[in-house]
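Here's the letter readout for the chains.
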Amino acid sequence: YWTARPGMRIANLHTSFSDTRSPGYVSENAAASAAAAEVLGRLVPQDKRYWQQMAQEARDSHLYAGTHFDIDNKNGFMLGDQVGKAVITQLKLGL
């Protein structure tokens, strides 16, 4: 899973942010955003759509900034969704 980020693979690519030396796959930002949206959507169900939209915007921001490939974001988002569901189950947030 130690994959390069776009700026590490594409010569002379100028990104909005400097690249970290952490792996690009999976996007930790996408994972954290999706997990938070899943849990917040359970806790505040009337705002679930809002949390999901904000998580998707956070996920996509790293693609637009040139710091992640789309696959990094998509799989990070799926992972985060699973983590969020696991948190809901573990904490018994069935509400």
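Provided above is the structure to which this section pertains.
Residues numbered from 1 in each chain as written. Predicted model: local features only at pLDDT ≥ 70, side-chain atom pairs only at ≥ 80, totals over all residues. Heavy atoms only, no water.

### Notes on the packing of aromatic side chains
Our working definition: Any two of the Phe, Tyr and Trp rings considered here, Trp counted by its six-membered ring, make a pair once their centres fall within 6.5 Å; the pair's planes then place it as stacked at under 30 degrees, edge-to-face at over 60, or tilted in between. Here's how the labels work: a residue is buried when its accessible area is under 20% of the maximum for its type, exposed when over 50%, partly exposed in between, all with a 1.4 Å probe on protein chains only. Whether a charge lies above a ring is judged from NZ of Lys or CZ of Arg, which has to be within 6 Å of the ring centre and within 35 degrees of the ring normal.
As enumerated under the stated definition, the model contains 1 aromatic pair in all. Centre to centre, the rings of Tyr50 and Trp51 are 5.2 Å apart; their planes meet at 65 degrees, and the pair counts as edge-to-face. By relative accessible area, Trp51 is classed as partly exposed at 24%. Here the guanidinium or amino end of Arg59 rests over the ring plane of Phe77, the centre of that ring lying 4.7 Å away.

### A few points about the environment of Gln52
We count it as follows: Numbering goes from the N terminus for both helices and strands, where a helix is a DSSP run of H or I of at least four residues and a strand is a run of E of at least two.
Locating Gln52 in the fold gives a position in helix α3 (residues 48–65). Put simply, Gln52 and Gly41 are 11 residues apart on the chain and 7.8 Å apart in space, counted from C-alpha to C-alpha.

### Looking at the environment of Tyr64
Inspection of the secondary structure puts Tyr64 in helix α3. For the pair Tyr64 and Thr15, spaced 49 residues apart in the sequence, the C-alpha separation amounts to 8.8 Å.

### Describing the side chain of Asn73
Keep this limit in mind: Note on contacts: a residue pair qualifies if any of its non-hydrogen atoms lie within 4.5 Å across the two residues.
Here Asn73 is to be found in helix α4 (residues 70–90). Assessed through its relative accessible area of 0%, Asn73 is described here as buried. When neighbours within four sequence positions are excluded, Asn73 is seen to be in contact with Ser27, Ala30, Arg59, His62, Leu63 and His68.

### Here we look at the packing of α3 against α4
For any two helices packed against each other, the geometry comes down to the angle between their axes and how far apart the axes lie. Here is the rule: A fitted line through C-alpha atoms serves as each axis, taken over the contacting stretch for helices, and the angle formed by two N-to-C directions is quoted from 0 to 180°. Throughout, the term roughly parallel applies to angles under 35 degrees, roughly antiparallel to angles over 145, roughly perpendicular to angles from 65 to 115, and oblique to all others. Crossing handedness: left-handed means the near helix sits turned counterclockwise from the far one by under a right angle, and right-handed means the same turn made clockwise.
Taken N-terminus to C-terminus, the directions of α3 and α4 make an angle of 155 degrees; their axes are 9 Å apart at the nearest point. Taken together, the axis directions place α3 and α4 in an arrangement best described as roughly antiparallel. Crossing of α3 over α4 shows right-handed handedness. Listed contacts from α4 to Ala55, Gln56, Arg59, His62 and Leu63 of α3 are Asp70, Asn73 and Phe77.

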